[in-house]
Structures are given as C-alpha cells and as structure tokens.
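# Chain and residue survey
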Amino acid sequence: MRVLLSTYGSRGDVEPMVGLAVQLRALGAEMPVCAPPDFAELLARVGVPLMPVSQPVRPMVTGATPPSAADLPRRAAELVAAQFDTVAVAAEGCDALVATGVMPAGVRL
C-alpha cells in the first residue's frame with residue numbers, strides 16, 4: 001500500500017506525520033511525506049522520503065521583515081497553490097492521502 005502524507009506548517013504540524021509515517025512503514029506501507037523543506041533532515045534521519053512543498057517555514061515566520069497583513073492573502077494563495085501542485089504529482093499511484101496541518105486561511109480567489 002502507498003499512502004501519501006501531506007502537511008504544511010511548523011514542527012507541531014510535521015512531527016505527528018513523521019510518527020505516522022514511521023508506523024506505516026513498520027506495517028509495510030510506502031509513505032512519502034509532502035512537507036516544508038525545513039524538515040528534510042528530520043525525515044532523512046528516520047528514513048522517510050520527503051516531497052518538499054513550497055518554501056521553508058522558518059524564514060517566513062522569523063525573517064527580518066514579517067509579512068504585512070495586506071500581504072497575507074497573496075502569500076496564503078501561493079502556499080495553497082504550491083501544496084496542491086506538489087500533492088497532485090506525489091499522489092500518483094497512491095492508495096490513500098492523509099493531510100493535516102496549517103492550511104492558510106483568508107485566501108481571496
């Protein structure tokens with residue numbers, strides 16, 4: 001069985017998916033994880049393949065210039081689009097998809 005795990009957010013969003021991936025692997029499943037590139041090292045340590053989504057979270061949150069309130073809808077739309085683009089490709093051949101984490105709100109389409 002191939003299960004795609006998908007999340008976007010900080011450590012609190014990604015680490016539960018890593019734990020799930022490890023357990024699924026123990027049961028014989030393949031499970032790539034779509035997550036921010038910040039977590040490449042963590043996923044590599046436990047032997048779980050990463051499909052990086054969008055840009056790293058940390059610089060976006062702790063960068064020198066935090067996003068303004070006016071900039072948030074555009075950034076949220078970019079994150080949602082990147083997530084869907086990555087998941088669409090990664091989900092090919094998968095039997096199931098489990099998604100969680102921060103899904104940017106306030107997107108104006």
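You'll find the structure just up there.
Overview of the structure. What you are looking at is a predicted structure, and each value in this text was computed from that prediction instead of being measured.

### A look at helix α4 (residues 72-90)
Compared with an ideal rise of 1.5 Å per residue, which puts 19 residues at 27 Å, α4 spans 27 Å between its outermost C-alpha atoms and is within 8% of the ideal. For α4, the set of buried residues is A76, L79, V80, A82, Q83, T86, V87 and A90. Across the axial projection of α4, the buried residues extend over an arc of 165 degrees, all falling on one side. Residues of α4 that are exposed and point more than 90 degrees away from the buried face comprise F84, D85 and V89.

### Section: the sheet that holds strand β3 (residues 50-52)
Taken together, the four strands give an open sheet; going across it, the order is β3-β2-β1-β4, and neighbouring strands pair in parallel fashion. Two strands in the sheet have a free side with no partner beyond their single neighbour: β3 and β4 (96-101). Looking at each pair of strands side by side, their axes are set apart by 20 degrees on average, direction ignored. Relative to strand β2 (residues 33-35), strand β1 (residues 3-8) is paired through two bridges, and the arrangement is parallel.

### A closer look at helix α1 (residues 11-26)
With 16 residues, α1 should cover 22 Å at 1.5 Å per step; its first-to-last C-alpha distance of 22 Å lies within 8% of that length. Listed in full, the buried residues belonging to α1 are D13, V14, M17, V18, A21 and L24. An end-on view of α1 places all buried positions within 125 degrees of arc, on one side of the element. In α1, the exposed positions angled more than 90 degrees off the buried face are occupied by R11, G12, P16 and A26. Residues of α1 that are buried sit in contact with β1, β2, α2 (40-45) and β4. Of the residues one or two after α1, G28 is the one with positive phi, at around 95 degrees.

Cut-offs applied
- Residues numbered from 1 in each chain as written.
- Predicted model: local features only at pLDDT ≥ 70, side-chain atom pairs only at ≥ 80, totals over all residues.
- Heavy atoms only, no water.
- Helix = DSSP H or I, 4+ residues; strand = E, 2+ residues; numbered from the N terminus.
- Expected span 1.5 Å × (residues − 1).
- Buried < 20%, exposed > 50% of the residue type's maximum accessible area, 1.4 Å probe, protein only.
- Arc of directions from axis to C-beta.
- Pairing = 2+ DSSP bridges.
- Axes fitted to C-alpha atoms, helices over the stretch in contact; angles between N-to-C directions.
- Contact = heavy atoms within 4.5 Å.

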